Structure formats: C-alpha cells, structure tokens
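# Fold and geometry: a report
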Amino acid sequence: MISVDHIASLLDSVDIKYEREDDVLMMRWKTDHFKDLKIKIITNKDESWAYIVAPFTNFYEVEETKRMKLAYDMLKQSWKAKGVKFAINDEDDIIVSAETNDTDLTGEEIQTLVGHIVHACDTLWEIYPT
C-alpha cells in the first residue's frame with residue numbers, strides 16, 4: 001500500500017516541503033518559468049497507486065486554432081519525457097502527471113518523480129501557445 005502518510009514521510013526524508021489538506025499533499029515550486037507551480041500528490045482509494053499531478057488551464061481556454069498543435073506537441077513530449085505524461089483529464093484540464101504503484105518507494109524515487117514533473121511543467125510552458 002502507498003499511503004499519503006508514507007509519501008509525506010518520504011518527502012520529509014528528502015527535505016521537500018509540502019502542505020497537507022486531508023489526503024492531498026501539495027508542493028509549491030519556483031522555476032525559470034513559474035513563480036508558484038503547484039504539484040499535488042494523491043493516492044487512489046485502495047492506496048495501490050500514487051499520482052503526482054500538476055494541473056494547468058482548461059484545454060478549451062487555448063485558442064481554437066492552436067489546440068490541435070498543442071495536443072500534438074503534448075503527445076510528442078509525453079514520448080520524450082521520463083516517466084511523465086502530458087494529458088487532458090475528464091474535466092478537459094491540461095495536466096502533467098506521473099504515477100507509481102511501487103510499494104517499496106524510497107525518498108530518492110519520490111524526489112526523482114517530483115523532479116520529472118517540475119521539469120515537464122517547464123517543457124509544457126515552452127510548448128504552450130501564447
């Protein structure tokens with residue numbers, strides 16, 4: 001099982017700061033492109049999977065003539081990114097996500113997954129149409 005409590009202890013072990021609200025861990029990152037990038041970690045109900053997710057804007061907020069190119073670029077970047085997906089969720093929000101069902105997850109592994117998400121968010125910023 002991958003509980004939020006266990007993930008919180010792993011984040012503590014590698015000195016990653018987070019806020020906890022119920023069963024959601026939220027981190028804030030400052031990068032070259034973001035002043036306040038929000039990344040959340042959640043688990044599914046039976047705690048068999050952990051999800052690291054960075055939400056963005058709604059896909060339909062992108063200018064209609066640029067949507068398909070963005071979707072194509074996200075698909076290409078998903079192939080290139082290490083362990084990260086660029087996706088559109090059920091509410092049509094653009095997200096960057098990583099997931100694991102590793103019950104022996106270590107602090108270094110969670111740190112790597114979070115790092116991949118942060119890097120992928122900067123990549124999304126670069127391909128996002130302006």
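## Comments concerning the overall build of the protein chain
The number of helices and strands found in the protein chain is three helices and six strands. Reading the secondary structure of the protein chain in the N-to-C direction produces α-β-β-β-β-α-β-β-α. Its C-alpha atoms give the protein chain a radius of gyration of 15 Å, within 12% of the compact-globule value 14 Å for 130 residues. With respect to the principal axes defined by its C-alpha atoms, the protein chain has extents near 45 × 30 × 25 Å. A burial count over the protein chain gives 39% of its 130 residues as buried. Looking at the protein chain alone, contacts between residues at least 24 apart form 56% of all its contacts between residues at least 6 apart. Carbon together with sulfur atoms contributes 51% to the accessible area of the protein chain, which is approximately 8,000 Å² in total. Taken together, the 15 basic and 26 acidic charged side chains of the protein chain have centroids lying 8 Å from each other.

## Focus on unusual backbone geometry
The backbone phi angle of Glu47 is positive, close to 55 degrees, even though this residue is not glycine. As for its position among the elements, Glu47 is in the loop between β3 (37-43) and β4 (50-58). Note on Glu47: relative accessible area 22%, which makes it partly exposed. Positive phi outside glycine occurs at Asp92, with the angle close to 70 degrees. Take Asp92: it is sitting in the loop between β5 (85-88) and β6 (93-100).

Cut-offs applied
- Residues numbered from 1 in each chain as written.
- Predicted model: local features only at pLDDT ≥ 70, side-chain atom pairs only at ≥ 80, totals over all residues.
- Heavy atoms only, no water.
- Helix = DSSP H or I, 4+ residues; strand = E, 2+ residues; numbered from the N terminus.
- Rg over C-alpha atoms; globule rule 2.2 N^0.38 Å.
- Buried < 20%, exposed > 50% of the residue type's maximum accessible area, 1.4 Å probe, protein only.
- Contact = heavy atoms within 4.5 Å.
- Areas by Shrake-Rupley, 256 points an atom, 1.4 Å probe, with all protein chains shown as cover.
- Lys, Arg positive; Asp, Glu negative; His and termini not counted.
- Charge placed at Lys NZ, Arg CZ, Asp CG, Glu CD.

In short, the description is geometric, and any link to function would need to be established separately.
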